[in-house]
Amino acid sequence: MTGQAQAIILGIETSCDETAASIVVRDQSGHGTIRSNVVRSQLDEHAAFGGVVPELAARAHVEWLDHIIAQAVDEAGIALEDVDAIAATAGPGLIGGVLVGLTTAKALAASLGKELIAVNHLEGHALTARLTDGVEFPYLMLLVSGGHSQFVLVRGVGHYERWGGTIDDALGEAFDKVAKLLSLGHPGGPAVERIAREGDARRFKFPRPLLREQRLDFSFSGLKTAVRLQAEALAPLTDQDVADIAASFQEAVTEIVATRSRQALERFKAELPEAQPQLVVAGGVAANRAIAAALAEVVAETGAELVVPPIALCTDNGAMVAWAGAERLALGAADRLDVAARPRWPLDTPDMRISDDAAR
Ligand code: KG4
Ligand code: ZN
């Protein structure tokens, strides 16, 4: 079976504002090694606009992707011909960027005669903890990034159940918007976290939308509006006002994420009584120390395990795409050259490429 052989995978990620490529090797026992992981962030291109501009992003991917791939291959000490397969993010994401990465992958696969694997970006995040920490199925993933906030039960490769998501803004997006209205720059998460350390988190009691409801969904737009109204009421803001607002906002979202994660882990224990409950965190917001500390408390209370991959692998990167490709290839799930890019692609879409019992 294909799962027995070693595989060298090139992973390509271009779905948002990172142009990334990586070489990952998966050995016979299923153990992964990152041989290179090159990420070029487009922060400078988008800085003046306070957010990612899709057209500029696509253009920058076109300009940089070939160089980034060459660098990844070079740093891995291999030749392009040595790879067994080329994996690229095929969605969800900004379609212009996705097309750049996927088309490049198709061209390479066709010209080199290698396998092509179209990877769901969310699956890349979902499987990273198996590359970094060898986590076994099943586990619960909390994905909190600039574009996504969701709980996903990961039963196996291609077997995902979405347990909840955001009904408006993603958590990282909420951080970014709050940072913008406090004039803290972009990306906002790290800036809000830094300034919150100087602030009094009890000064403002911001709302915790949906928190009393039992569903595993998030809503951050009402909270963001409350922050804006408070900032307008106090204007002009002193440095202390800004720090207190940032701290109170971070306190609110930390409580929301912690409470929801507790509920999600309780559901995990109820639905999968045989399994060791594990919470895997992915996405850029995993870098937030206040949130990470709260999650550590939640897993301690619920008897679960917490896995937070190194932050460079929580944010968008090529290694997660290469690894998802490696896991799929091991199950014989390569794609045809006419596979389509998908701007929308929920992770729990039935996966026709993997049979029901192959993946767990
Ligand atoms: O995963 P990521 O690099 O990109 C995608 O959105 O796919 O996540 C970026 C998001 C941004 O919204 C950023 O503000 C947020 O993660 N972020 C943080 C922190 N570091 C990054 N949010 C809160 N605290 C942080 N320390
Ligand atoms: Zn992402």
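Residues numbered from 1 in each chain as written. Chains lettered and ligands numbered in written order. Predicted model: local features only at pLDDT ≥ 70, side-chain atom pairs only at ≥ 80, totals over all residues. Heavy atoms only, no water.

*Asks:* Help me understand unusual backbone geometry, please; the structure alone is not making it clear to me.
*Replies:* Residue G91 is joined to P92 through a cis peptide bond whose omega torsion reads -10°. Note on placement: P92 falls in the loop between β4 (85–91) and α3 (95–112). Here the residue pair H186 and P187 is connected by a cis peptide bond, since its omega of 0° sits within 30 degrees of zero. By secondary structure assignment, the location of P187 is in the loop between α5 (171–181) and α6 (188–196). In this model, S183 sits at a positive phi of 55°, which is unusual for a non-glycine residue. Here S183 is to be found in the loop between α5 and α6. By relative accessible area, S183 is classed as exposed at 66%. (Helix = DSSP H or I, 4+ residues; strand = E, 2+ residues; numbered from the N terminus. Buried < 20%, exposed > 50% of the residue type's maximum accessible area, 1.4 Å probe, protein only.)

*Asks:* Help me out: how do you make sense of the domain arrangement of the chain in this one?
*Replies:* Many authors give the size of an interface as the accessible area that is lost as the parts come together. According to the domain assignment, the chain consists of domain 1 (7–132 + 313–352) and domain 2 (136–309). For domain 1 and domain 2, the distance between their C-alpha centroids amounts to 27 Å. Taken together, the contact pairs 22 residues of domain 1 with 26 residues of domain 2. Regarding the contact of domain 1 and domain 2, the summed buried area is about 1,900 Å², with carbon and sulfur atoms giving 71% of it. Summed over the shared surface of domain 1 and domain 2, the number is 0 salt bridges. The interface formed by domain 1 and domain 2 holds 4 residue pairs in polar contact (both at pLDDT 80 or more) in total. Secondary-structure elements contributing two or more residues to the side of domain 1 that touches domain 2 are α4 (121–133) and α11 (318–330). Among the elements that take part in the side of domain 1 that touches domain 2, α4 stands out by supplying 9 residues, more than any other. Taken together, the residues of the side of domain 1 that touches domain 2 break down into 10 nonpolar, 6 polar and 6 charged. (Domains from an automatic or database assignment. Contact = heavy atoms within 4.5 Å. Buried area = accessible area lost by both parts, 1.4 Å probe. Salt bridge = Lys/Arg side-chain N within 4 Å of Asp/Glu carboxyl O. Polar contact = N/O pair within 3.5 Å; in protein donor to acceptor, adjacent residues only side chain to side chain. Nonpolar A, V, L, I, M, F, W, Y, C, P; charged D, E, K, R; others polar.)

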